[in-house]
Amino acid sequence: MGKRGKIAFLLGVLFLLSGCESLSRNKQYYLKSANVEFTLPKVWEEVEDDAYALSLSNESTNLVMNSYSKSDIQDLSAPGVFHQLIEEFLADMDTSSLVREYPVEKTTDRIVYQKLYTANKDLMERQYYFGLVDFLGTDHYVFVVYQAGEMIMNYNIDDIQRVLLRMECKDLREDLVLY
């Protein structure tokens with residue numbers, strides 16, 4: 001390969017490397033209050049919402065998250081916190097009913113609680129997937145609400161559940177210490 005060929009090759013590599021992020025279909029999101037990051041498709045947009053630490057929107061669906069300090073809620077267990085947060089969220093609805101309570105998911109670093117509700121407000125029916133991630137060994141709970149119509153919920157709920165199992169809590173990372 002001649003000098004021009006090498007230069008063209010290097011320019012091509014630089015072009016590809018500089019465009020990799022824009023070619024990716026996913027985007028990294030960060031929930032600062034819990035030191036948690038996760039990935040979602042780029043179609044989600046962050047929106048301002050004073051009620052939640054992170055609020056995302058995608059066409060007719062919404063995904064909101066808040067974190068809570070375990071030390072601030074010492075008198076309640078994780079299931080108690082989860083129940084209370086769901087009740088507070090659904091208090092503004094005209095009607096609500098439990099559709100499904102999912103089995104508790106336990107991994108080495110977290111416990112995930114999940115429930116699906118149907119609720120009506122102002123004659124509009126929506127489904128609400130609630131999740132609470134208890135990051136073991138940290139002071140963090142992350143409360144998640146995914147809101148969508150029934151058909152969209154059925155299509156996307158597995159992906160939302162995977163997000164909760166794949167979230168990375170940076171407080172759980174072990175740093176290498178050299179002595």
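To be clear, the structure that these remarks concern was listed above.
Residues numbered from 1 in each chain as written. Predicted model: local features only at pLDDT ≥ 70, side-chain atom pairs only at ≥ 80, totals over all residues. Heavy atoms only, no water.

*Asks:* Give me the pairing of strand β4 (residues 54-58): which residues, what numbers.
*Replies:* With five of five residues buried, β4 is to be regarded as a mostly interior element. Going residue by residue along β4, you find Leu54, Leu56 and Asn58 tucked away on one face and Ser55 and Ser57 tucked away on the opposite face as well. Pairing of strand β3 (residues 45-46) with β4 involves two bridges; the strand directions are antiparallel. Bridge assignment links Glu45 to a residue of β4, and that residue is Ser57. Both β4 and strand β5 (residues 61-69) contribute to a ladder of five bridges, which runs antiparallel. The residue bridging Leu56 from the neighbouring strand is Leu63, located in β5. From the end of β4 to the start of β5, which pair antiparallel, there are two residues, and Glu59 there has a positive phi angle of about 55 degrees. (Buried < 20%, exposed > 50% of the residue type's maximum accessible area, 1.4 Å probe, protein only. Helix = DSSP H or I, 4+ residues; strand = E, 2+ residues; numbered from the N terminus. Pairing = 2+ DSSP bridges.)

*Asks:* Lay out the pattern of salt bridges with the relevant residues and their values.
*Replies:* Going through the model one piece at a time under the given rule, you end up with four salt bridges. Measuring nitrogen to oxygen at the nearest pair gives 3.2 Å for the salt bridge that ties Glu37 to Lys170. Residue Glu37 is found in strand β2 (residues 36-41), and its partner Lys170 is found in the segment after β11 (168-169); the two are separated by 133 residues along the sequence. For Lys170, a relative accessible area of 28% translates into the label partly exposed. The salt bridge involving Asp159 is made with Arg162; its shortest N-O contact spans 2.4 Å. (Salt bridge = Lys/Arg side-chain N within 4 Å of Asp/Glu carboxyl O.)

*Asks:* Summarise the packing of aromatic side chains; cite the residues concerned and give the values.
*Replies:* Counting across every chain of the model gives ten aromatic pairs. When the centroid spacing of 6.0 Å and the interplanar angle of 15 degrees are considered together, the rings of Phe130 and Phe143 count as stacked. On the criterion of sequence distance, the pair formed by Phe130 in strand β9 (residues 124-135) and Phe143 in strand β10 (residues 140-148) is long-range, its members being 13 residues apart. Pair check on accessibility: Phe130 and Phe143 agree, each one buried. Site record: aromatic cluster; members linked through ring pairs are Phe82, Phe89, Tyr113, Tyr117, Tyr128, Phe130 and Phe143. Lying over the aromatic face of Tyr141, Lys70 brings its terminal NZ or CZ to 5.4 Å of the ring centre. (Phe/Tyr/Trp six-rings, centres within 6.5 Å; stacked < 30°, edge-to-face > 60°. Lys NZ or Arg CZ within 6 Å of the ring centre and 35° of its normal.)

*Asks:* Can you lay out helix α2 (residues 78-90) for me, pointing to particular residues and giving the numbers?
*Replies:* Here α2 spans 18 Å end to end across 13 residues, near enough to the 18 Å set by a 1.5 Å rise per residue. Taken together, the buried positions of α2 are occupied by Ala78, Val81, Phe82, Leu85, Ile86, Phe89 and Leu90. All buried residues of α2 lie within an arc of 155 degrees about the axis, which places them on one face of the element. (Expected span 1.5 Å × (residues − 1). Arc of directions from axis to C-beta.)

*Asks:* Just give me the short version of the sheet that holds β2, but keep the residues and values in it.
*Replies:* With antiparallel pairing, three strands are arranged side by side in an open sheet as β1-β2-β11. Edge positions in the sheet fall to β1 (26-31) and β11, since each has one partner strand and no second. In this structure, β1 lies alongside β2, joined through six bridges in antiparallel fashion. Across the sheet, residue Tyr29 finds its bridge partner in β2, namely Phe38.

*Asks:* Explain the layout of surface pockets residue by residue, including any values.
*Replies:* The volume enclosed by the largest pocket comes to roughly 420 Å³. What lines the largest pocket is a set of 16 residues, among which Thr39, Leu40, Pro41, Asp159 and Val163 lie closest to the centre. Every element with two or more residues in the lining of the largest pocket is listed here: β2 and α3 (150-166). Approximately 300 Å³ is the volume found for the second largest pocket. As for the second largest pocket, its lining consists of 18 residues, of which Ala51, Tyr52, Val64, Phe89 and Val145 are closest to the centre. (1 Å grid on protein atoms, 1.4 Å probe; cavity = no way out; pocket = protein on both sides within 12 Å on 5 of 7 lines; lining within 4 Å. Points joined across faces, edges and corners; volume = space filled by probe spheres on them.)

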